[in-house]
Amino acid sequence: MKYLHAMVRVIDLDASMHFYCDLLGLKEIRRKDYPQGKFSLIYLATEEGEPEVELTHNWEQCEPYSNGTNFGHLAFRVENIYDTCQKLMDAGVVINRPPRDGHMAFVLSPDGISIELLQDGQLEPQEPWASMENTGSW
């Protein structure tokens, strides 16, 4: 058995591509449009052959999807959690659970999908992160 992907439904494809690709650094691996069904499937990964995130974009969906209680989060290992969180904050992304411990943070995608960021190794706690409070939920 081989793990393939996790799927999330997105409303604003441009905002989601900006978040996942420009801010988190994933790459578009492949895309398939289904005009008859009015939807697109976009597969993203850190690199070809790695597990993927499948973005499902239903073209006519305008209302936000509800987040099921059976879905937890997507997790990504990052080289420097402080640099990653700063880049996200500079782009207007709220850091819901700051990396106070130098190891873990949580943010939300434009569609409210919880994203866990995990430091590759451990960094010493640093300000302003060490004293930052949690915001919202994740």
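In this text, all values refer to a predicted model and were calculated from it rather than measured experimentally.

(A) How the structure looks around the sheet that holds strand 7 (residues 104-108). On the basis of which strands lie adjacent, the open sheet formed by four strands has the order 5-8-7-6 and mixed pairing. Here the strands that pair on one side only, and so sit at the sheet edges, are strand 5 (74-78) and strand 6 (95-97). Sheet twist, expressed as the average angle between the axes of neighbouring strands with direction ignored, equals 35 degrees. Direction of pairing for strand 7 relative to strand 8 (residues 114-119): antiparallel, over a ladder of five bridges. Looking at strand 8, one finds that Met104 is bridged to Leu118. This element, helix 2 (residues 81-90), spans strand 5, strand 6, strand 7 and strand 8 of the sheet and lies at about 145 degrees to strand 8.

(B) View of the sheet that holds strand 2 (residues 27-34). Spatially, four strands are ordered 1-4-3-2 in an open sheet, and the strand pairing comes out mixed. At either end of the open sheet lies a strand with only one pairing partner, and these are strand 1 (5-10) and strand 2. With strand direction ignored, the average angle separating the axes of adjacent strands in the sheet is 20 degrees. Alignment of strand 2 against strand 3 (residues 39-45), held across seven bridges, turns out to be antiparallel. From the neighbouring strand, Lys32 faces strand 3, where its bridge partner is Leu41.

Rules behind the numbers
- Numbers given to residues run from 1 along each chain, matching the order in which its sequence is written.
- Only residues with pLDDT of at least 70 are given local features in this predicted model, and only at 80 or more are side-chain atom pairs given and counted; all residues enter the totals for whole chains, interfaces and linings.
- Only heavy atoms go into the side-chain values, all of them from the structure, while hydrogens and water stay out.
- Note on pairing: two strands pair once DSSP finds at least 2 bridges between them.
- In this text, helices come from DSSP runs of H or I with a minimum length of four residues, and strands from runs of E with a minimum of two, each type numbered from the N-terminal end.
- To get an axis, fit a line to the C-alpha atoms, keeping to the stretch in contact for a helix; angles then go from 0 to 180 degrees between the N-to-C directions.
- The contact criterion used throughout is that any non-hydrogen atoms of two residues lie within 4.5 Å.

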